[in-house]
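Summary of structural features
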Amino acid sequence: MNDPQDQDQPHDPYETTETHLERLLGRALNSFDLPDSTIERLESALAHSTALYSSHHSASLHRTTYRHTYLLPDGTAHSLWELVHNSGRDGIEQHELYVEEAEARLAASRLPTGPSLGWTVERADGSPADEDDDLEVLSTLLARPIPTQPRMYVPDNSADHARRVLRRAENADRPGEAVARRLRLAFAHHITQAFGRHCPVEGGRDAGFTLYEHQFLLLDGTELSLWEVEHTATPDGRHMCEVYASERAAREAMESRSRVR
């Protein structure tokens, strides 16, 4: 159970970097999912800083994202993204850690939205978040076309990112071992949201659908994409993740579960 004082003061500016990292890992529900190589690098960090990235509040749900940045001995910096929310049982505060901003955004988008009125979204400097950064767009009923984004590959544990995307897929027809072997050669990647809206499903209710393209650049110079469908078109409304080798297969899967067109 989290220490009440720890919840009231989640970021003590006077603690050592080693203690800070231990505290983050100790309270995160998913710390076991972080790459060992990342943790080993951070254990040698010389200094750290914490910044509020965004804060979302409603009458029943509180959700906050922090960016923890560590200075490493080689002069480089590495960040962990912490998602803090109270969507668990009895409203107890829960903590999750991610090595990529995009993964923290995905995790936040899976949380229930609560009432649509009364949300506030702020950055550390108090300015409102840009529309593209506002995760609430994933739960609106609007079907705005998503603007094309430039393909900017980021070399950041890309092979491990591919492994985690495939591991969380629940569909039986997900890409197999041949694709997984190729993705072990990934050294950079880029994530693009290709679709996001609520759609009617069987039973007369709405379900959320979001489609992401995970684009990987391989060591041999070729490119390979995984198409990830996040949706709540399940019997009990729980969140489900499916992964496909092509955009067509991903969109056909969404269409088969709803009246998405």
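Being a predicted model, the structure only gives us computed values, none of them experimental. (Residues numbered from 1 in each chain as written. Predicted model: local features only at pLDDT ≥ 70, side-chain atom pairs only at ≥ 80, totals over all residues. Heavy atoms only, no water.)

Right, let's get into the overall build of the protein. If you tally the helices and strands in the protein, you get 7 helices and 8 strands. Partitioning the contacts of the protein with sequence separation of at least 6, the portion at a separation of at least 24 is 56%. Accessible surface, the protein as shown: approximately 14,000 Å² in total, 52% of it carbon and sulfur. (Helix = DSSP H or I, 4+ residues; strand = E, 2+ residues; numbered from the N terminus. Contact = heavy atoms within 4.5 Å. Areas by Shrake-Rupley, 256 points an atom, 1.4 Å probe, with all protein chains shown as cover.)

Moving on, we come to a negative patch on the surface. Residues Glu18, Glu22, Asp36, Glu40 and Glu43 make up a contiguous surface patch of negative charge. Taken together, the elements giving at least two residues each to the negative patch come down to helix H2 (17–27) and helix H3 (36–42). Inspection of the secondary structure assignment puts glutamate 43 in the loop between H3 and strand E1 (47–57). Exposure remark for glutamate 43: the relative accessible area of 56% places this residue in the exposed category. (Patch = residues over 30% accessible without salt bridge, like charges linked within 9 Å, V, L, I, M, F, W, Y side chains within 5 Å. Salt bridge = Lys/Arg side-chain N within 4 Å of Asp/Glu carboxyl O. Lys, Arg positive; Asp, Glu negative; His and termini not counted. Charge placed at Lys NZ, Arg CZ, Asp CG, Glu CD. Buried < 20%, exposed > 50% of the residue type's maximum accessible area, 1.4 Å probe, protein only.)

Our next topic: the pairing of strand E4 (residues 94–98). Counting buried residues in E4 gives 4 out of 5 residues, a clear majority hidden from the surface. Pairing geometry for strand E3 (residues 77–85) and E4, over 5 bridges, is antiparallel. Within the sheet, the bridge partner assigned to histidine 85 lies in E4 and is glutamine 94. (Pairing = 2+ DSSP bridges.)

Within helix H5 (residues 158–167), 7 of the 10 residues are buried, which leaves it mostly tucked inside the rest of the structure. Buried within H5 we find Ser158, Asp160, His161, Ala162, Arg164, Val165 and Leu166. Where H5 is buried, its residues meet helix H4 (101–109), helix H6 (177–183), strand E5 (186–200), strand E6 (206–218), strand E7 (223–231) and strand E8 (240–244).

Taken as a whole and assessed by the stated rule, the structure comprises 11 salt bridges. Residues arginine 27 and glutamate 82 are paired through a salt bridge, measuring 2.9 Å at the closest nitrogen-oxygen approach. Within this pair, whereas arginine 27 is found in helix H2, its partner glutamate 82 is found in strand E3, the two being separated by 55 residues in sequence. Side by side, arginine 27 and glutamate 82 carry an identical accessibility label, which is buried. A salt bridge links arginine 163 to aspartate 160; the shortest N-O distance between them is 2.6 Å. Note that arginine 163 and aspartate 160 are positioned in helix H5 at a spacing of 3 residues, about one turn of the helix. Since its relative accessible area comes to 38%, arginine 163 is described here as partly exposed. The network of salt bridges with common partners includes Glu103, Asp160, Arg163 and Arg164.

Strand order in this open sheet of 4 strands is E5-E6-E7-E8, and the pairing throughout is antiparallel. The open sheet has two edge strands with one neighbour each: E5 and E8. Ignoring which end each strand starts from, the neighbouring axes of this sheet average 20° apart. Lying on the sheet, H5 is in contact with E5, E6, E7 and E8; it crosses E5 at an angle near 35°. On the sheet, helix H7 (residues 247–257) packs against E5, E6, E7 and E8 and is oriented at approximately 145° with respect to E8. (Axes fitted to C-alpha atoms, helices over the stretch in contact; angles between N-to-C directions.)

What follows is about the environment of phenylalanine 32. Relative to the helices and strands, phenylalanine 32 resides in the loop between H2 and H3. The exposure class assigned to phenylalanine 32 is exposed, which follows from its relative accessible area of 70%. C-alpha of phenylalanine 32 to C-alpha of leucine 97: the two residues are 65 residues apart in sequence and 9.8 Å apart in space.

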